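Reading the structure
So you can see what is in the structure, the chains are spelled out below.
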Amino acid sequence: AMAVFVTRRIPAEGLRVLSQAGGCRVQQWDSEEPVPRAELLAGVAGKRGLLCLLTDRIDREVLEAAGPSLKVISTMSVGFDHLALDEIKKRGIRVGYTPDVLTDATAELSVALLLATCRRLPEAVEQVKNGGWTTWKPLWMCGYGLSDSTVGIIGLGRIGQAIARRLKPFGVKKFLYTGSRPKPENAAEFEAEFVPLSRLAEESDFVVVTCALTPATQGMCNKDFFARMKKTAVFINTSRGAVVNQEDLYDALAHGQIAAAGLDVTTPEPLPTDHPLLSLKNCVILPHIGSATYATRSTMAVLAANNLLAGLRGEPMPQELQL
């Protein structure tokens, strides 16, 4: 039998794919909460397959606990910074992931967060509730609009393009983008211009971060970056928290160096409730819900299950990470 360990309670459709597969024996950490480290190490022992989440750190210790029987790791995420890829590659383990299926949901959430941040929606809702809404005032609760603006996208991959596609009808005048290299085939639809990070910071009215977390992008949005941004600019991050230096972001927001920020990702996650960023009116923070639609999470679970099964059977995966 193909013994597999599933590190969390996942949407039923995904589990059904595994349980209905012939010869697949599933052991699952059946909880809404992350699997404790000790349970993870015990759970992977002797398994051929592992279905994990972005909250599970799959490092050398886990791989050693699993032993040589582990052949496939399938993560229910598009990001893979939680996987020790060097160690995994060394052991000849195949890896499946779930790109594409969460692109639309994450792009929708990114646009919602951008609009909520630049038009100060959470702040406005609070004013209605606490009696701050008195009479119509010409400058009260004013924010920044997308019409005629310049939008800078850090990482014009699938999600970056999907965001640009949704922002274009709002009357954005110009798209800039940056990344490890120009992607003319991705940029053509938006006539987006490839620029260095410093120029993107200087010219953008809205900066949207949608890149992967790598050693090159870690802490990339820092003091120098925020200092280059316009005082009226809005910063949005829906990629990974560690791309941003949060102390530097706090200083930039607190001292009016930039207008506002919207984050769906932080370091750590969850963000402690006494974190300085949460004390700021001009910072909107969401609990990493980029892909959180019922349909998307269900599709992610099914894809993760199918990746796992294909890997166990020695077949091509629907979505394999090429190591």
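The structure presented is a predicted model; accordingly, all values stated were derived computationally and were not measured.

In this section: the UniProt feature "domain: D-isomer specific 2-hydroxyacid dehydrogenase catalytic" (unreviewed entry) in the protein. When the UniProt feature table is mapped onto this chain numbering, "domain: D-isomer specific 2-hydroxyacid dehydrogenase catalytic" (unreviewed entry) sits at residues 4-320. Secondary structure across residues 4-320 divides into 35% helix and 15% strand, with the first and last C-alpha atoms of the span separated by 18 Å.

Our focus in this paragraph is the pattern of salt bridges. Applying the stated criterion across every chain, the model contains 21 salt bridges. With its nearest N and O atoms 3.9 Å apart, the salt bridge here joins Glu-64 to Arg-91. Linking Glu-64 in helix H3 (residues 60-66) with Arg-91 in the loop between helix H4 (85-90) and strand E5 (94-96), this pair joins segments that are 27 residues apart in sequence. Classification of Glu-64 by relative accessible area gives exposed; the value is 54%.

We now examine the sheet that holds E5. Spatially, the 6 strands line up as an open sheet ordered E2-E1-E3-E4-E5-E13, and their pairing is mixed. Lying at the two open borders of the sheet, with one neighbouring strand each, are strand E2 (24-28) and strand E13 (320-321). Strand direction decides the pairing type here: strand E4 (residues 72-75) and E5, joined by 3 bridges, are parallel. In the strand pairing of E5, Val-72 is matched with Arg-94.

A word on the environment of Ala-310. Locating Ala-310 in the fold gives a position in helix H12 (residues 294-312). For the pair formed by Ala-310 and Arg-181, sequence separation is 129 residues and the distance between their alpha carbons is 33 Å.

A separate point is the nonpolar core. In this structure, Leu-114, Val-151, Leu-167 and Phe-175 are the most contacted members of the largest nonpolar core, which totals 47 residues. At the level of secondary structure, the elements contributing two or more residues to this core comprise strand E1 (2-6), helix H5 (103-118), strand E6 (150-154), helix H7 (158-167), strand E7 (174-178), strand E9 (206-209), strand E10 (234-237) and H12. Domain assignment of the residues forming this core places at least three in each of domain 1 (2-100 + 294-321) and domain 2 (102-285). Dropping the residues within four chain positions of it, Leu-167 is found in contact with Val-111, Leu-114, Leu-146, Val-151, Val-172 and Phe-175. Residues Ala-201, Phe-225, Met-229 and Leu-277 belong to the second largest nonpolar core, which totals 26 residues.

Taking strand neighbours across the sheet as the criterion, the 7 strands line up as E8-E7-E6-E9-E10-E11-E12 in an open arrangement whose pairing is parallel. Each edge of the open sheet carries a strand with a single partner, namely strand E8 (193-194) and strand E12 (283-285). Pairing geometry for E6 and E7, over 5 bridges, is parallel. Paired with Val-151 across the bridge in E7 is Phe-175. In the packing of H7 onto the sheet, contacts are made with E6, E7 and E9, and the angle to E6 comes to roughly 165°. Along the sheet, helix H11 (residues 246-254) contacts E10, strand E11 (260-263) and E12; its crossing angle with E11, the most-contacted strand, is approximately 145°.

Position of Asp-59 among the secondary structure elements: in the loop between strand E3 (49-52) and H3. A residue is classified by how much of its surface remains accessible, and Asp-59, at 16% relative accessible area, is buried. Polar side-chain contacts of Asp-59 include one of 3.3 Å to the side chain of Arg-57. Sequence-distant contacts of Asp-59, defined by excluding residues within four places in its chain, comprise Arg-37 and Ala-84.

Basis of the calculations
Per chain, the residues get numbers from 1 upward, laid out in the order the sequence is written. Given that the model is predicted, a residue must reach a pLDDT of at least 70 before its local features are reported, and side-chain atom pairs must reach 80 or more before they are shown or counted; all residues, however, enter totals for whole chains, interfaces and linings. Side-chain metrics rest on all non-hydrogen atoms present in the structure, leaving aside hydrogens and water. UniProt positions are given in the numbering used here, feature names are shortened, and annotations may be inferred rather than shown by experiment. Counting from the N terminus, the helices are DSSP H or I runs at least four residues long and the strands are E runs at least two residues long. Salt bridge, as used here: a side-chain nitrogen of Lys or Arg that lies within 4 Å of a carboxyl oxygen of Asp or Glu. Exposure classes here rest on a 1.4 Å probe applied to the protein chains alone. A residue is buried below 20% of its type maximum, exposed above 50%, and partly exposed in between. The rule for pairing is simple: two strands pair if DSSP sees at least two bridges between them. Only buried residues count toward a nonpolar core. Its members are Ala, Val, Leu, Ile, Met, Phe, Trp, Tyr and Cys residues joined through side-chain atoms within 4.5 Å. Boundaries between domains were set according to an automatic or database domain assignment. In what follows, residue pairs with any heavy atoms lying within 4.5 Å of each other are defined as contacts. In this description, a line fitted to the C-alpha atoms serves as the axis of each element, helices being fitted only across the stretch in contact, and the angle between N-to-C directions of two axes falls anywhere from 0 to 180 degrees. Any pair of nitrogen or oxygen atoms within 3.5 Å is treated as a polar contact; in protein, a donor-acceptor pairing is required on top of that, and neighbouring residues in sequence qualify only through side-chain atoms on both sides.

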